[in-house]
Amino acid sequence: MRPVEIVAFMGSVSSRRDVRAMTIEALHRTDWGADVRIVLDQARQPDDKGRRSTDTAREALERAAQTDHGDLVLFLEDDLEFNRNLRHNLEHWRPIVDLRPGDHLCASLYDPDIGSLNPDEDGDTWRVVHPELPYGSQAVLLARPTLNWILDGWRRQPGLGDIKIFRLAAEKTPIHYHRPSLVQHRRVPSSWGGVAHHAENYDESFLADEHP
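Note that this is a predicted model, so its numbers are computed, not measured. (Residues numbered from 1 in each chain as written. Predicted model: local features only at pLDDT ≥ 70, side-chain atom pairs only at ≥ 80, totals over all residues. Heavy atoms only, no water.)

(A) Structural detail: the environment of Gly33. For Gly33, the position within the fold is in the loop between α1 (17–28) and β2 (36–40). Each C-alpha atom of the pair Gly33 and Arg87 lies 8.3 Å from the other, and the pair is 54 residues apart in sequence. (Helix = DSSP H or I, 4+ residues; strand = E, 2+ residues; numbered from the N terminus.)

Put into structure tokens, the structure is as follows:
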């Protein structure tokens, strides 16, 4: 099986240097084995933190789209903990293993208890959620066709960055959530004042079977 190539981008703000550093250190403690590219908020809307967060997310996605490598793009926020087998789990995750060139994919590795669309059709390590329910862009995995579709439709979809990402992606693909959650939201204040949330099913040591 060819290892899937994933490029990681993180949206952050200059003032959260310490929080960001802890997240990067946490990622380096996993089997990720690659750098994450940081995109800092340029404060184009200094009095609107939600807008600033949305603008930063878009800029990170645009930077990712401009790269000429990577099958998938992982968009990260800056206040996270990670499952220590992160790369192994993604490379052996059925929604990725089954992905073919040109296919769409949108998946969250962080699950703040989003309900399933049809529980009877869920897999052992994933669920498909109703497209109106997802929120939080802590760790969103996108296939390149889906990334491009999101960017093309960014201005026509209202809402903050996470809503734009999931609602636009849902026009092309089911929204998958990994279970257990491979990412945990660190308990620090939000960069834009959002409500705190947490993944109750986060598993730091989960290790996927090599034959999903």
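(B) Up close: the nonpolar core. Core analysis: the largest hydrophobic core is formed by 31 residues, its most contacted members being Leu74, Leu76 and Leu90. Listing elements by their share of this core, those giving two or more residues are β1 (6–12), α1, β3 (72–76), β4 (80–82), α3 (86–91), β6 (126–129) and β7 (139–143). Those residues in contact with Leu90, other than ones at most four positions away along the chain, are Ile6, Trp32, Ile96, Leu109, Leu141 and Leu182. Ile114, Leu147, Leu151 and Trp154 belong to the second-largest nonpolar core, a separate cluster that totals 24 residues. (Core = buried A, V, L, I, M, F, W, Y, C linked by side-chain atoms within 4.5 Å. Buried < 20%, exposed > 50% of the residue type's maximum accessible area, 1.4 Å probe, protein only. Contact = heavy atoms within 4.5 Å.)

(C) Spotlight on the pattern of salt bridges. Taken as a whole and assessed by the stated rule, the structure comprises 13 salt bridges. Note that Arg94 and Asp98 form a salt bridge whose closest N and O atoms lie 2.7 Å from each other. A salt bridge links Glu132 to Arg167; its shortest N-O distance comes to 3.5 Å. You can see Glu132 sitting in the loop between β6 and β7 and its partner Arg167 sitting in helix α6 (residues 161–169), a full 35 residues away along the chain. A relative accessible area of 23% places Arg167 in the partly exposed class. (Salt bridge = Lys/Arg side-chain N within 4 Å of Asp/Glu carboxyl O.)

Fair warning: the whole summary comes from geometry, so function is off the table for now.
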